[in-house]
Amino acid sequence: MMATLLHAAALAICFFGIAISAPTTPVPCCTPDQWEGVIGLYVLYETPGIEKGYVSVSYDYTNSRMQFFQHISITPGIRDDRRVIFDYSHGNGKMYTIKGKTCTVVDLPGKMRQQCIPDNATYTGSFFMGSESNKLLVNSFSITTQGLKAEVSMTSEDCIPVGETYYGTIIEGVAILETVGFVNITTGIKDPSIFDIPSICKTVDAKFQMPVVLGGAIGHLMEKYKK
């Protein structure tokens, strides 16, 4: 039910915003350094099919870490529930993926990427959500990156992500169309202990290298808004 509502919100945000004139042309921006919220997504792949669900996100650029609780359904009838922690606080990063009572650890090259609209993004217009007496002003940008074209919407104040749609091809030329909606965004981190590494992960050696492109919601968050 929640995923359905978020999918509807994503569609509304990405396709039904009415452009209005902004007093000055907005420039690309970066999200707050710490925020939490829920992302609803609906992804249509050329193959294998449809991926939909939601991801609870805690983003902490200040301390170089990020966490997801991912709840995704993939046709035909596959459920993917997992917790993922990205920790760059000790130099090179590590990705901890917890599914049930198992944990895998992957080495991450480089430093954590700040979530930003790229400098080469093109401003495409502004619109407001809600009513004229109670509205939220949103700016939209067009982005092309790694074979994908995206329309991304951020609030004009504070650069809070609102929604996006993107399309193109990914690994091995697979075509993709995705709509995403961001809801219940709050700044700051309510409970820093959510980044604590579970005990089942502390005895696991990192034996894998980071894939060039991560799939699904995790790949979306790692690769979008990078600067």
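The shown structure was predicted, so the numbers you read here are calculated from the model rather than taken from an experiment. (Residues numbered from 1 in each chain as written. Predicted model: local features only at pLDDT ≥ 70, side-chain atom pairs only at ≥ 80, totals over all residues. Heavy atoms only, no water.)

Participant: Kindly report on the pattern of salt bridges, identifying the contributing residues and their values.
Facilitator: Applying the stated rule across the entire model yields six salt bridges. For D60, the salt bridge is made with R65, and the minimal N-O distance between the two is 2.9 Å. The class for D60 is buried, based on a relative accessible area of 0%. When the shortest N-O distance is used, the salt bridge between D81 and R79 registers 3.1 Å. Residues joined by salt bridges that share partners form a network here, namely D80, R82 and K99. (Salt bridge = Lys/Arg side-chain N within 4 Å of Asp/Glu carboxyl O. Buried < 20%, exposed > 50% of the residue type's maximum accessible area, 1.4 Å probe, protein only.)

Participant: Account for the state of the cysteines, naming residues and giving values.
Facilitator: With the rule as written, the count across this model stands at three disulfides. Paired through a disulfide, C30 and C116 show a sulfur-sulfur distance of 2.0 Å. Taking the sign of the torsion about the S-S bond as the criterion, the disulfide between C30 and C116, at about 100°, is right-handed. Taken together, the residues span a long stretch of sequence, with C30 in the loop between helix 1 (2–15) and strand 1 (34–45) and C116 in the loop between strand 6 (102–108) and strand 7 (122–131) at a distance of 86 residues. For C116, a relative accessible area of 1% gives the class buried. Through a disulfide, C103 is tied to C201; the S-S separation comes to 2.0 Å. In this structure the cystine formed by C103 and C201 twists about its S-S bond by roughly 110°; its chirality is therefore right-handed. One end of the pair, C103, is in strand 6; the other, C201, is in the loop between strand 11 (175–187) and strand 12 (208–209), with 98 residues separating them in the sequence. Residues C103 and C201 agree in their burial class; the two are buried. (Disulfide = S-S within 2.5 Å. Helix = DSSP H or I, 4+ residues; strand = E, 2+ residues; numbered from the N terminus.)

Participant: Which residues make up the packing of aromatic side chains, and what are the values?
Facilitator: Using the criterion set out here, one finds five aromatic pairs in the structure. Summarising the aromatic geometry, the rings of W35 and F182 are spaced 6.5 Å apart at their centres and angled 70° between planes, so their arrangement reads as edge-to-face. Placement of W35 in strand 1 and of F182 in strand 11 is noted, with a sequence separation of 147 residues between them. You can call F182 buried: its relative accessible area is 7%. A network of ring pairs unites the aromatic residues W35, Y59, Y61 and F182 as a single cluster. (Phe/Tyr/Trp six-rings, centres within 6.5 Å; stacked < 30°, edge-to-face > 60°.)

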